[in-house]
Amino acid sequence: MDKLQRTNLYKQAEEWVLEAGQRIREKIDDPRTIQTKSNANDLVTEMDQQTEQFFAEKIRKQYPDHFVFGEEGFGDDITSLDGTIWIIDPIDGTMNFVHQKRNFAISVGVYVDGVGEIGLIYNVMEDTIYTAVRGEGAYKNHHRLAQLPKEKQLNQSIFALNTTWMLPENPYISHKGVHDFVKTIRSTRTYGSAALEFAFVAEGIIDGYLTMTLMPWDIAAGVVILKEVGGVVTTADGQDIDMLHQTTVLACHPELHNEVIENFVDLKQ
Ligand code: 2AM
Ligand code: CA
């Protein structure tokens, strides 16, 4: 994909993301149909489904050779990253959408043969859009985001961290490691939308995000955006991210990455 194709695709993707967001805002106070998926706290609403359908229909009509990889199942059955794939979370932070009617995002990443080319994260109720095209920097509301600062110390850092990773019985990460980590860093935040947590690392208002169970659609856009400002994204133990399956994630300032993995991340499996 050349630069012009990337730019045109980005413009189209942004138009659809903004339109989808507008539709959600218009219906934000409508009665909701709330169902659960993998567990009682894994929520989905008719709005998640309608929004993913909106994208799937637009993409299939305009780009019949592209694939759709989405959370709610209206996309294709994706088993490889070959070709052009739109990796879509129609509402990232569904629990926030349901309980708070804010603090959720539309997340769209476009990958070509496994390379993240375009990322868009739209904080719908705040009407704030984070965007990036590979190699051309990252933007918030079309203003270029600064590169992450050259130096950063862990004891002056804020990390996004879901508080459930602090529970001793969590099946993913050793309690001692997380405990020591939380005591070492300056503070933690939990926003409840992985996409927004990535966007905030890219914006430099938090310094990292450590989490254990994300899906490709939660992170596809965020990876593209964060890399453009010099951030590093791997699994929690420093491996390359697998954009087809559930994964752990450490997304952070490059100065902190090794230190976090070596001193604090002790995975249970
Ligand atoms: P979602 O709202 O799209 O489900 C909350 O900490 C973050 O984790 C949100 O981005 C949420 O995405 C994601 N998340 C919640 N439950 C998840 C699950 N079972 N698998 C993968 N991601 C999940
Ligand atoms: Ca979702």
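Cut-offs and rules
Residues numbered from 1 in each chain as written. Chains lettered and ligands numbered in written order. Predicted model: local features only at pLDDT ≥ 70, side-chain atom pairs only at ≥ 80, totals over all residues. Heavy atoms only, no water. Helix = DSSP H or I, 4+ residues; strand = E, 2+ residues; numbered from the N terminus. Rg over C-alpha atoms; globule rule 2.2 N^0.38 Å. Buried < 20%, exposed > 50% of the residue type's maximum accessible area, 1.4 Å probe, protein only. Donors = N, O, S within 2.8 Å, 3.2 Å for Na, K, Ca; no water. Near = heavy atom within 4 Å. Polar contact = N/O pair within 3.5 Å; in protein donor to acceptor, adjacent residues only side chain to side chain. Areas by Shrake-Rupley, 256 points an atom, 1.4 Å probe, with all protein chains shown as cover. 1 Å grid on protein atoms, 1.4 Å probe; cavity = no way out; pocket = protein on both sides within 12 Å on 5 of 7 lines; lining within 4 Å. Sits in = over half its atoms within 2 Å of the grid points. Nonpolar A, V, L, I, M, F, W, Y, C, P; charged D, E, K, R; others polar. Axes fitted to C-alpha atoms, helices over the stretch in contact; angles between N-to-C directions. Parallel < 35°, antiparallel > 145°, perpendicular 65-115°, else oblique. Left-handed = near helix turned anticlockwise from the far one by under 90°. Contact = heavy atoms within 4.5 Å. Pairing = 2+ DSSP bridges. Expected span 1.5 Å × (residues − 1).

Colleague: I keep staring at the overall build of the protein and nothing clicks. Help me out?
Modeller: Helix and strand counts for the protein stand at seven helices and 14 strands. Taking 18 Å as the expected radius of gyration for a compact globule of 269 residues, we find that the protein reaches 18 Å, a close match to that expectation. Taken along the three principal axes of its C-alpha coordinates, the protein extends 50 × 40 × 35 Å. Expressed as a percentage of its 269 residues, the buried residues of the protein come to 51%.

Colleague: It is not clear to me how the coordination of the calcium ion (ligand 2) should be interpreted in this structure. Could you clarify?
Modeller: The calcium ion (ligand 2) binds to the protein through E71 (OE), D89 (OD), D89 (OD) and I91 (O); the donor distances cover 2.1 to 3.0 Å. Positions of the donor residues of the calcium ion (ligand 2), expressed as sequence spacing, correspond to E-x17-D-x1-I. Residue E71 is located in the loop between β3 (67-70) and β4 (84-92), and its partner I91 is located in strand β4; the two are separated by 20 residues in the primary sequence.

Colleague: Sorry if this is basic, but what is going on with the site of ligand 1 here?
Modeller: The full set close to ligand 1 counts 16 residues, and D89, D92, G93, T94 and A194 are the nearest of them. Between ligand 1 and the protein, one listed contact pairs an oxygen atom with a backbone N or O atom of T94 at 2.9 Å. In the model, a nitrogen atom of ligand 1 is placed 3.3 Å from a nitrogen or oxygen of the T213 main chain. Protein chains shield 77% of the accessible area of ligand 1, which is 480 Å² for the free molecule. More than half of the atoms of ligand 1 fall within 2 Å of the grid points belonging to the largest pocket. At the level of elements, β4 and β12 (208-214) are the ones that each hand at least two residues to the shell around ligand 1. Looking at the shell around ligand 1 element by element, the count peaks at three residues for β4. Of the residues contributing to the shell around ligand 1, the split by class is four nonpolar, seven polar and five charged.

Colleague: Would you explain the packing of helix α1 (residues 3-26) against helix α2 (residues 46-62) in this entry?
Modeller: The packing of two helices is summarised by the inter-axis angle and the distance between the axes. Where α1 meets α2, the closest approach of the two axes is 11 Å, and the angle between their N-to-C directions is 150 degrees. The angle between the axes of α1 and α2 places the two elements in the roughly antiparallel class. For the pair α1 and α2, the crossing hand works out as right-handed. Taking contact as the criterion, the partners of Q12, W16, V17, E19, A20, R23 and I24 in α1 are, on α2, M47, T51, F54, F55, K58, I59 and Q62. Classifying every residue of the contact of α1 with α2 gives eight nonpolar, three polar and three charged.

Colleague: Sorry if this is basic, but what is going on with the sheet that holds strand β11 (residues 187-189) here?
Modeller: The strands that make up a sheet pair up through hydrogen bonds in the backbone, lying either parallel or antiparallel. Strand order in the open sheet formed by five strands is β11-β10-β12-β14-β13, with mixed pairing between adjacent strands. The open sheet terminates on both sides in strands that have one partner only, identified here as β11 and β13 (232-234). The mean inter-strand angle of the sheet, taken between neighbouring strand axes irrespective of direction, is 20 degrees. Alignment of strand β10 (residues 158-161) against β12, held across three bridges, turns out to be parallel.

Colleague: I keep staring at the environment of L81 and nothing clicks. Help me out?
Modeller: Relative to the helices and strands, L81 resides in the loop between β3 and β4. Sequence-wise, L81 and L244 are 163 residues apart; in three dimensions their C-alpha atoms are separated by 7.5 Å. Aside from chain neighbours lying at most four places away, what touches L81 is D113, G114, M243 and L244.

Colleague: Please clarify how helix α6 (residues 216-228) should be interpreted in this entry.
Modeller: Side chains three or four residues apart in an α-helix point the same way, a direct result of the helix having 3.6 residues per turn. A rise of 1.5 Å per residue sets the reference length of α6, with its 13 residues, at 18 Å; its end C-alpha atoms lie 18 Å apart and thus fit the reference within 8%. Most of α6 is tucked away, with 12 of its 13 residues classed as buried. For α6, the full list of buried residues reads P216, W217, D218, I219, A220, A221, G222, V223, V224, I225, L226 and E228. A positive phi of about 95 degrees marks G230, the residue just after α6.

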